[in-house]
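Breakdown of the fold
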Amino acid sequence: MTAWIITTSSNISHLLSLAGDAETTAIVIGDAPIAGVHRALRFPLEPGVPAESLAGVVAQRVAASGTDVVLAENTAVGRVIAGAIAATLGAPVVTGATAVGEEITRIRYGLVEERIARTGVVVLVADGGEPAEGAVPEEETVTAQGYAARVAATNAAAKESVDLKAAKRIVGVGRGFENIEDLAIARDFAHAIDAQIGATRPLVDGTHWFGRDQYLGISGHVVAPDVYVAAGVSGQIQHTAGIAESGTIIVINDDELSPIFELADYGIVGDLYEILPALAKELQ
Ligand SMILES: Cc1cc2nc3c(=O)[nH]c(=O)nc-3n(C[C@H](O)[C@H](O)[C@H](O)COP(=O)(O)OP(=O)(O)OC[C@H]3O[C@@H](n4cnc5c(N)ncnc54)[C@H](O)[C@@H]3O)c2cc1C
């Protein structure tokens, strides 16, 4: 089996483990050092040129290779290029793969293991992992003209970005919050306990009150803070799979039958609109 790995970084250890015994070729876009693959094709990027501009030429190069498997890092750039390759090859894209051979094994929603027969070339999108160990491969540099795109200016985003994986304390908010203005209650409480705020799917994909950096659960971020406070969160499996490893879980919910209470170290049955401000006041 041959596998082509598409990356903009050195972090390909997980992609390599998926490739198993395959003969590996890395397409490296940009200047990140690479190791652990059999050979590498490097597509340098001029300053200000986004990596996505090379999606078409990279796709053409991969299509000409006749490879069995394409592995792309699960980043915004990786997904764009994986899509271009899949479209060029007429190949399926599979996410969540755990093993690749004649069959692909994958986990769906953290719940179900699926085995998919591989009938032709397939594109896998997966976490890159850590910087790979191993020999530095022979490299060929490819000078290619992508589509014309250049970043004209870069300004810091006004919005503070949140790193939930690094947070020691997280307040998870759910549909128990009725209006976007009411989130001030959660923010005051989070401020009082020095926590970051994360959210359930309806508040990310439904109301769009939060970005994906604050999405908790199996389709968002899987986290393990020292303290997780769930407020107005019912505790469906797709959510709890993302927070179950937290140290201490505190639940505030007005329905004592909500499944989230099964995970709780401490549970308060009541109205979050009363409880969160009262707790914040006490803690301050
Ligand atoms: C394929 C798939 C993937 C998914 N992935 C994810 C994922 O990664 N993350 C995720 O979060 N979800 C995910 N979901 C959605 C998930 O199944 C649930 O629908 C979602 O987690 C429910 O969000 P919630 O708890 O905010 O809302 P609800 O289930 O509506 O719960 C709201 C809770 O708030 C309580 N409440 C209401 N008012 C108050 C009040 N005033 N005070 C206190 N409590 C109150 C209610 O009793 C209820 O328990 C996924 C679903 C699918 C199908």
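Residues numbered from 1 in each chain as written. Predicted model: local features only at pLDDT ≥ 70, side-chain atom pairs only at ≥ 80, totals over all residues. Heavy atoms only, no water.

By the naming in an unreviewed UniProt entry, the protein goes by Electron transfer flavoprotein alpha subunit and is assigned to Arcanobacterium wilhelmae.

Digging into the overall build of the protein
If you tally the helices and strands in the protein, you get seven helices and 15 strands. For the protein, the C-alpha atoms occupy an extent of roughly 65 × 45 × 35 Å along the three principal directions. Out of the 284 residues in the protein, the part that is buried amounts to 42%. Put simply, 57% of the contacts in the protein that link residues at least 6 apart link residues at least 24 apart. Counting every atom, the protein has about 14,800 Å² of accessible surface; 49% of that belongs to carbon and sulfur. Separation between the mean location of the 18 positive side-chain charges and that of the 36 negative ones in the protein comes to 5 Å. (Helix = DSSP H or I, 4+ residues; strand = E, 2+ residues; numbered from the N terminus. Buried < 20%, exposed > 50% of the residue type's maximum accessible area, 1.4 Å probe, protein only. Contact = heavy atoms within 4.5 Å. Areas by Shrake-Rupley, 256 points an atom, 1.4 Å probe, with all protein chains shown as cover. Lys, Arg positive; Asp, Glu negative; His and termini not counted. Charge placed at Lys NZ, Arg CZ, Asp CG, Glu CD.)

Concerning the site of the ligand
Of all residues adjacent to the ligand, which total 27 residues, the nearest are Arg175, Thr200, Ser219, Ser234 and Ser258. Gly232 is positioned with one of its backbone polar atoms (N or O) 3.1 Å from an oxygen atom of the ligand. Between the ligand and Ser234 there is a distance of 2.6 Å, counted from an oxygen atom to a side-chain nitrogen or oxygen. In isolation the ligand has 990 Å² of accessible area, and contact with the protein removes 79% of it. (Near = heavy atom within 4 Å. Polar contact = N/O pair within 3.5 Å; in protein donor to acceptor, adjacent residues only side chain to side chain.)

Side note on the sheet that holds strand β1 (residues 2-7)
Two orientations exist for strands paired in a sheet by backbone hydrogen bonds: parallel and antiparallel. In space, the seven strands of this open sheet follow the order β5-β9-β4-β1-β2-β3-β10, with parallel pairing throughout. The sheet is open, and its two borders are formed by β5 (93-95) and β10 (138-141), each paired with just one other strand. Mean inter-strand twist for the sheet, computed between neighbouring axes without regard to direction, equals 25°. As paired strands, strand β3 (residues 39-43) and β10 are joined by four bridges and run parallel to one another. Pairing of Arg39 across the sheet is with Glu138, part of β10. On top of the sheet, helix α3 (residues 76-89) reaches β1, β2 (23-29), β4 (69-73), β5 and β9 (122-126); it is set at about 155° to β4, its chief contact. (Pairing = 2+ DSSP bridges. Axes fitted to C-alpha atoms, helices over the stretch in contact; angles between N-to-C directions.)

So, the packing of aromatic side chains
Considering all chains together, one arrives at one aromatic pair under this definition. Ring plane angle 50° and centroid distance 6.3 Å describe the contact between Phe177 and Tyr273, whose orientation is recorded as tilted. Taken as a pair, Phe177 in the loop between β11 (169-173) and α4 (183-192) and Tyr273 in helix α7 (residues 272-283) lie far apart in primary sequence, 96 residues in all. Residue classification places Tyr273 among the partly exposed residues on the basis of a relative accessible area of 26%. (Phe/Tyr/Trp six-rings, centres within 6.5 Å; stacked < 30°, edge-to-face > 60°.)

What to know about the pairing of strand β7 (residues 103-108)
Pairing of strand β6 (residues 97-100) with β7 involves three bridges; the strand directions are antiparallel. When the sheet's bridge partners are listed, Ala97 is paired in β7 with Arg106. Pairing between β7 and strand β8 (residues 112-117): six bridges, direction antiparallel. From the neighbouring strand, Ile107 faces β8, where its bridge partner is Glu113.

What to know about α7
The periodicity of an α-helix, 3.6 residues per turn, causes residues three or four positions apart to be oriented the same way. Between its first and last C-alpha atoms α7 spans 16 Å; for 12 residues at 1.5 Å apiece the expected length is 16 Å, and the two agree. Regarding α7, the residues found buried are Leu272, Ile275, Leu276 and Ala280. Projected down its long axis, α7 carries its buried residues within an arc of 125°, all on one side. Away from the buried face of α7 by more than 90 degrees, exposed residues Glu274, Lys281 and Glu282 are located. Buried residues along α7 sit against α4, β13 (227-231), β14 (248-253) and β15 (266-269). (Expected span 1.5 Å × (residues − 1). Arc of directions from axis to C-beta.)

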